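Chain by chain, the residues run as shown.
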Amino acid sequence: MDTNCGNWLRSSSKKESWRTTLLLAYQSLGVVYGDLSISPLYVYKSTFAEDISHSETNEEIFGVLSFVFWTLTLVPLFKYVFVVLRADDNGEGGTFALYSLLCRHAKVSLLPNRQVADESLSTYKLEGPPEITNSSWLKTKLEKHKCLHTALLILVLLGTCMVIGDGVLTPAISVFSAVSGLELSMSKEHHQYAVVPITCVILVCLFALQHYGTHRVGMFFAPVVLVWLICISALGLYNIIHWNPQVYQALSPSYMYKFLKKTKKGGWMSLGGILLCITGSEAMFADLGHFSYTAIQIAFSFLVYPALILAYMGQAAYLSKHHQMETSYHVGFYVSVPESVRWPVLVIAILASVVGSQAIISGTFSIINQSQSLGCFPRVKVVHTSDKVHGQIYIPEINWMLMVLCLAVAVGFRNTKHLGNASGLAVMTVMLVTTCLTSLVIVLCWHKPPILALAFLLFFGSIEALYFSASLYKFLDGAWLPILLALILMTIMFVWHYATIKKYEFDLHNKVSLEWLLALGPSLGIARVPGIGLVYTDLTSGIPANFSRFVTNLPAFHRVLIFVCVKSVPVPFVPRSERYLVGRVGPPTHRSYRCIVRYGYRDVHQDVHSFETELVDRLADFIRFDWSRTHHNSSPSFQDVISHSAESTSECRLTVIGAVAFSGPPAYEMEETVEPASVSVGFETVESMTDVIEMEQTGLQRRVRFAIDNESERDERFETDVQLREELEDLLAAQQAGSAFILGHSYMKAKQGSSIFKRAAIDVGYNFLSKNCRGPDVVLRVPPVSTLEVGMVYIV
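Residues numbered from 1 in each chain as written. Predicted model: local features only at pLDDT ≥ 70, side-chain atom pairs only at ≥ 80, totals over all residues. Heavy atoms only, no water.

S.K.: Help me understand the overall build of the chain, please; the structure alone is not making it clear to me.
M.R.: Each helix and strand counted, the chain has 26 helices and 13 strands in total. Across the 796 residues that make up the chain, the buried fraction comes to 56%. Considering only intrachain contacts with a sequence separation of at least 6, the fraction spanning at least 24 residues in the chain is 83%. Surface accessibility of the chain: about 33500 Å² in total, with carbon and sulfur atoms responsible for 62%. (Helix = DSSP H or I, 4+ residues; strand = E, 2+ residues; numbered from the N terminus. Buried < 20%, exposed > 50% of the residue type's maximum accessible area, 1.4 Å probe, protein only. Contact = heavy atoms within 4.5 Å. Areas by Shrake-Rupley, 256 points an atom, 1.4 Å probe, with all protein chains shown as cover.)

S.K.: What is the right way to read unusual backbone geometry from this model?
M.R.: Trans peptide bonds make up the majority, and among non-glycine residues the majority have a negative phi. Residues other than glycine seldom take positive phi values, yet His-447 does so here, at roughly 60°. Following the sequence through the fold, His-447 ends up in the loop between α17 (416-444) and α18 (450-473).

S.K.: How should the environment of Thr-537 be read in this particular structure?
M.R.: Among the structural elements, Thr-537 can be located in the loop between β3 (527-536) and α21 (545-553). On the basis of relative accessibility, which here comes to 8%, the residue Thr-537 falls in the buried class. Between the alpha carbons of Thr-537 and Ile-742 there is a distance of 9.1 Å; along the sequence they are 205 residues apart. Beyond its immediate sequence surroundings of up to four residues, Thr-537 is in contact with Pro-544, Val-564, Cys-565 and Val-566. A polar side-chain atom of Thr-537 sits 3.1 Å from the main-chain amide nitrogen of Leu-539. (Polar contact = N/O pair within 3.5 Å; in protein donor to acceptor, adjacent residues only side chain to side chain.)

S.K.: Is there a simple way to think about the packing of helix α8 (residues 146-179) against helix α19 (residues 480-509) in this case?
M.R.: Each pair of packed helices can be summarised by the angle the axes make with each other and by the distance between the axes. For the pair α8 and α19, the least separation of the axes is 8 Å and the interaxial angle reads 130°. Here α8 is positioned oblique relative to α19, judged by the angle of their axes. Note that α8 runs across α19; the crossing there is right-handed. Contacts from Thr-150, Leu-153, Ile-154, Leu-157, Leu-158, Thr-160, Cys-161, Met-162, Ile-164, Gly-165, Val-168 and Leu-169 of α8 reach α19 at Leu-481, Pro-482, Ile-483, Leu-485, Ala-486, Leu-489, Met-490, Met-493, Phe-494 and His-497. (Axes fitted to C-alpha atoms, helices over the stretch in contact; angles between N-to-C directions. Parallel < 35°, antiparallel > 145°, perpendicular 65-115°, else oblique. Left-handed = near helix turned anticlockwise from the far one by under 90°.)

S.K.: What is the right way to look at the pattern of salt bridges in this model?
M.R.: Between side chains of opposite charge, a pair can form when the charged atoms approach closely. This structure, assessed with the given rule, holds 15 salt bridges. Salt-bridge contacts for Lys-262 lead to Glu-59; the nearest nitrogen and oxygen are separated by 3.8 Å. Residue Lys-262 is found in helix α11 (residues 254-263), and its partner Glu-59 is found in helix α4 (residues 59-81); the two are separated by 203 residues along the sequence. Under the relative-accessibility criterion, Glu-59 is labelled partly exposed at 28%. The salt bridge involving Glu-60 is made with Lys-262; its shortest N-O contact spans 3.2 Å. Placement of the pair is Glu-60 in helix α4 and Lys-262 in helix α11, with a sequence separation of 202 residues. With a relative accessible area of 4%, Glu-60 lands in the buried category. The class of Lys-262 is partly exposed, set by a relative accessible area of 37%. Residues participating in the shared-partner salt-bridge network are Arg-576, Glu-614, Arg-618, Asp-621 and Arg-624. (Salt bridge = Lys/Arg side-chain N within 4 Å of Asp/Glu carboxyl O.)

S.K.: Looking at this structure, I do not really get the packing of aromatic side chains. What am I missing?
M.R.: The geometry of an aromatic ring pair is captured by two quantities: the separation of the ring centres and the angle between the planes. On inspection of all chains with the given rule, the structure shows 22 aromatic pairs. Ring plane angle 80° and centroid distance 5.3 Å describe the contact between Phe-333 and Tyr-334, whose orientation is recorded as edge-to-face. One aromatic cluster is present, formed by Trp-516, Phe-547, Phe-550, Phe-557 and Phe-563 through successive ring pairs. (Phe/Tyr/Trp six-rings, centres within 6.5 Å; stacked < 30°, edge-to-face > 60°.)

S.K.: Is there a simple way to think about helix α5 (residues 95-105) in this case?
M.R.: In an α-helix, one turn spans 3.6 residues, which is why side chains three or four residues apart end up on the same side. With respect to burial, α5 is a largely interior element, eleven of its eleven residues being buried. Taken together, the buried positions of α5 are occupied by Thr-95, Phe-96, Ala-97, Leu-98, Tyr-99, Ser-100, Leu-101, Leu-102, Cys-103, Arg-104 and His-105.

S.K.: In this structure, what is going on with the pairing of strand β6 (residues 592-599)? I would like to understand it.
M.R.: Among the eight residues that make up β6, eight are buried, leaving the element largely enclosed by the rest of the structure. Side-chain alternation along β6 places Ser-592, Arg-594, Ile-596 and Arg-598 on one buried face and Tyr-593, Cys-595, Val-597 and Tyr-599 on a second face that is also buried. Of the pairings in the sheet, the one linking strand β4 (residues 556-568) to β6 comprises eight bridges and is parallel in character. Paired with Val-564 across the strands is Cys-595, a residue of β6. (Pairing = 2+ DSSP bridges.)

S.K.: I tried to follow the side chain of Thr-279 on my own but got confused; where do I start?
M.R.: As for its placement among the helices and strands, Thr-279 is situated in the loop between α12 (265-274) and α13 (282-286). Among the polar contacts listed, one links the side chain of Thr-279 to the backbone oxygen of Leu-276, at a separation of 3.0 Å. Apart from the residues lying within four places of it in its own chain, the contact partners of Thr-279 are Asp-35, Leu-36, Tyr-42, Ser-423 and Val-427.

S.K.: Looking at this model, I keep getting lost on α12. Mind explaining?
M.R.: The element α12 is largely enclosed, with a buried count of eight among its ten residues. Along α12, the residues that are buried comprise Gly-266, Gly-267, Met-269, Ser-270, Leu-271, Gly-272, Gly-273 and Ile-274. Buried residues along α12 sit against α3 (43-47), α4, α11, α17 and α18.

Written out as structure tokens, the structure is:
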């Protein structure tokens, strides 16, 4: 009976798991495959645009179909579905996920704020034991040469910039190609004056609705793409059966050879149009975090891939019986659609193009937010559009810039050929970057033999390099646009990242000693005023120079002082229970603390009210925990044990404080159930604390046991209770008195004798960007009424 019951429960959970997976696969259609599914609208039209002609032998059209089939099979199916999707970072995908994996397995990050404590995060997972990782000669070489760190960052930024460029081009080409179906129902004179304005109106409406968030129309996306895939599959089957059932012969690779042999240079140039069939494949990896590997694999393998193959075969079957090739008008998608259903197909195509455009726009917002979190993009305002769905964001200034650029591209190019050339180069560059980064992941993270990574790089890299060369050859015919956009964006991002590092190094070298802070008092004319002073700094230890400047000009600071460092770590998400690292700055009577708030590159920062409230709650938890810890180890060497700072022994070691409330210092042995990994002490000397706190793993929870050694310590306990109560009362009173946010307002200047490139980057580039981007108060969601800005000149 029990056995049967157990089997039933297991089968029930399996059914539920499969049901969830299939639901995710269905939902992924609208988010992941919108761009990829609408490629049949423009692939053949871009391929045959003036470069090659269509003859009676059908070798050209069959050769193109063979290229399309094998490109779809090798790149999206074999490369992405079976290899790249496995290179996830805690379930997250994309260029930054690969870079994050590499930064964790090798010290290649240029950001200097790395801490040992970050490696204790539950999401900071390594793919193998350290001894295996350290044996890699490639890792040693990468870590040794800083120029390779810079080259790796430039490679990542190149892929990022091309994704943003694709965010400009994809909406334009998708909507333009869908609306161009009107050419079959209108005269040429009316058509040329109707398509561009209609395209612009749809694009304006699309970008104007972005601030509502995709969650409001998200459930509408998947049915649209599903109907579109069914539609193109049905049309493909109809054209195959009705026009040329023998078209399947074109799937033979021999037709690719015949095609190139006959068309020579023209055929090679036409590859720039063929590669558009895999536009949107990168979205499978970039949007992995919203779904699952199995869901994306099922959706592509069993629905999207067969539907696209049938659609391309159907178009080829129709074209093989219609050889009128005077203009590209005759090789468009709509010419193969029966006239009786042309209008319904046109409507569905326009809706599908809007869905595909929405996916790439949302992806652009996401990747810019990731770039900003890693210090590679100027500060912008990020709006979280959904309280229920994590990661759905909206960036106002980027949205309107994308809209202006999309409209300029649509009006400026006005044809599928130039739009296709531009989009093709952007897509292929992103894929080449992904191939290179995945090759490094295979060696450094998966610990596979280098020959395997080299084979992956050579096989897929050669295919993509062939398409890339064909796109690059059409530089003057539209391919210049993504290159220009990438150069502008890479310059902005690299200058900002370089200046951010220089600014951090200046802060590090000019920080004030802790003894200086502790010496401040009434004897020096320094007053402590009611309230909480939150001093924002990039430093993880020490007193920032902007605070000393603040005290010099205004000889007073708050009764409770918190040095807050908001930093990004190379993981996608940081659990809330592990977000706060809290410690004391000086003795308890000074009422000064340090709090490091850690975010992943996909985390969205909290609004100031919830952040301030949670910060004070975590600080109160730390105070209770710290007094409990102090009471339970009264040996003379205890302060030596818990004190750990790279700068001074007066600054206590930081402690991870999670979502757990302490009920005061225990006067007896007690057990309290808390969330997993919500509290831990120290990182480098944890072993020395085992006599104070015992952590036992019990299923999904931990038990924290506080033990009292001797009943004679009650007097000391009473004194501890009084001190604890006083410190908590001071914290509560300070919170009620109000908080002030002390931010640094920096102006950077290159040192005398610096190179012309450094002066241009710092004096011109960075200062221009910092004046014209959002201030730190907006990014950190600090209320202007409570902000105190301290001006600082950085000579770097």
